[in-house]
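Chains, contacts and geometry: an overview
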Amino acid sequence: MLPEVQHSEIVYRGRAFVVRRDRVRFPNGHSSELDIVDHPGAVTLVPIDRGQVCMVRQYRHSAGQVLLELPAGTLEPGEDPRACAARECREEIGMAPARLVPIGEAFLAPGYSTEYMYFYLATELSPAPLDADLDEDLALERVPIRAIPERIASGELRDAKSLAALFLAREWLED
């Protein structure tokens with residue numbers, strides 16, 4: 001038996017997500033208020049070009065630092081994840097993938113968020129830049145495939161969506 005939502009209200013409406021507060025009654029009879037981040041979903045790409053993974057360095061305000069990450073982005077309302085992946089690849093690394101292979105899907109933080117991530121391998125890349133979002137200052141970094149484990153072990157690569165995507169793409173990243 002699933003919990004019963006007794007009441008739900010929007011408590012915050014932001015640019016990228018909505019926060020709602022649900023009053024939930026659990027099967028054991030206990031009720032609780034839960035704050036949920038409603039998110040439209042996102043994509044993360046593992047773009048491979050000539051033995052290198054195309055990554056980006058960007059400032060992440062919530063982390064207070066510049067992080068090394070795979071290209072990723074939020075779905076527009078009603079947008080197909082594959083179309084979002086192709087767009088984000090062009091916006092973030094300036095390359096269009098001729099081939100997008102779905103490699104997995106996952107909830108990012110199901111304890112408090114509805115965000116669902118679609119992961120793609122992007123190959124057969126060709127130059128086709130689109131303007132980046134105005135709030136993004138991205139620097140492309142090409143990381144040799146063989147250097148990925150070292151970047152993870154050193155703690156330089158610690159973005160969860162990137163780590164998950166690299167795990168899902170492991171068969172394409174093996175020598």
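Residues numbered from 1 in each chain as written. Predicted model: local features only at pLDDT ≥ 70, side-chain atom pairs only at ≥ 80, totals over all residues. Heavy atoms only, no water.

Comments concerning the side chain of serine 113
Its place among the elements puts serine 113 in the loop between strand 8 (95-107) and strand 9 (116-127). A distance of 3.0 Å separates the side chain of serine 113 from the backbone nitrogen of glutamate 115, its partner in a polar contact. Ignoring anything within four residues of it in the chain, the contact list for serine 113 reads Val37 and His39. (Helix = DSSP H or I, 4+ residues; strand = E, 2+ residues; numbered from the N terminus. Polar contact = N/O pair within 3.5 Å; in protein donor to acceptor, adjacent residues only side chain to side chain. Contact = heavy atoms within 4.5 Å.)

Quick look at the sheet that holds strand 3 (residues 31-38)
The strand order across the open sheet built from three strands is 1-2-3, with neighbouring strands paired in antiparallel fashion. Whereas interior strands pair on both sides, the edge strands pair on one side only; in this sheet they are strand 1 (4-13) and strand 3. Neighbour to neighbour, the strand axes of the sheet diverge by 20° on average, direction disregarded. (Pairing = 2+ DSSP bridges. Axes fitted to C-alpha atoms, helices over the stretch in contact; angles between N-to-C directions.)

Some points on the pairing of strand 5 (residues 52-60)
Within a regular strand, side chains alternate between the sheet's two faces. Bridge count for strand 4 (residues 42-49) against strand 5 is two bridges, and the pairing is antiparallel. For isoleucine 48, the partnering residue across the bridge sits in strand 5 and is valine 53. Between strand 4 and strand 5, which pair antiparallel in sequence order, lie two residues; one of them, arginine 50, sits at a positive phi of approximately 50°. Pairing of strand 5 with strand 10 (residues 139-144) involves six bridges; the strand directions are antiparallel. Residue pairing across strands places glutamine 52 opposite proline 144, the latter belonging to strand 10.

Some thoughts on unusual backbone geometry
Phi angles above zero are rare outside glycine, and arginine 50 is one such case at about 50°. With respect to the element layout, arginine 50 can be found in the loop between strand 4 and strand 5. Overall, arginine 50 belongs to the exposed group, its relative accessible area being 71%. You will see that glutamate 124, though not glycine, has its phi angle at about 55°, which is positive. Locating glutamate 124 in the fold gives a position in strand 9. (Buried < 20%, exposed > 50% of the residue type's maximum accessible area, 1.4 Å probe, protein only.)

Some points on helix 1 (residues 81-93)
Helix length check: helix 1 (13 residues) gives 18 Å between terminal C-alpha atoms against 18 Å at 1.5 Å per residue, within 8%. For helix 1, the set of buried residues is Pro81, Cys84, Ala85, Arg87, Glu88, Cys89, Glu91, Glu92 and Ile93. Of the surrounding elements, those touching the buried residues of helix 1 are strand 4, strand 5, strand 7 (72-74), strand 8, strand 9 and strand 10. With a side-chain oxygen lying 3.1 Å from the backbone nitrogen of arginine 82, the N-terminal cap of helix 1 falls on aspartate 80. (Expected span 1.5 Å × (residues − 1).)

Brief notes about the side chain of glutamate 115
Following the sequence through the fold, glutamate 115 ends up in the loop between strand 8 and strand 9. Of the side chains bearing the opposite charge, lysine 161 lies closest to the buried glutamate 115, which forms no salt bridge; the N-O distance is 8.0 Å. With near-sequence residues (within four places) excluded, glutamate 115 lies in contact with His39, Gly41, Ala42, Ala106, Phe107 and Leu108. (Lys, Arg positive; Asp, Glu negative; His and termini not counted. Salt bridge = Lys/Arg side-chain N within 4 Å of Asp/Glu carboxyl O.)

Remarks on a nonpolar patch on the surface
On the surface, a nonpolar cluster with roughly 260 Å² of combined accessible area is contributed by Val11, Tyr12 and Phe17. With respect to the helices and strands, tyrosine 12 occurs in strand 1. Here tyrosine 12 falls in the partly exposed class, since its relative accessible area comes to 45%. (Patch = residues over 30% accessible without salt bridge, like charges linked within 9 Å, V, L, I, M, F, W, Y side chains within 5 Å. Areas by Shrake-Rupley, 256 points an atom, 1.4 Å probe, with all protein chains shown as cover.)

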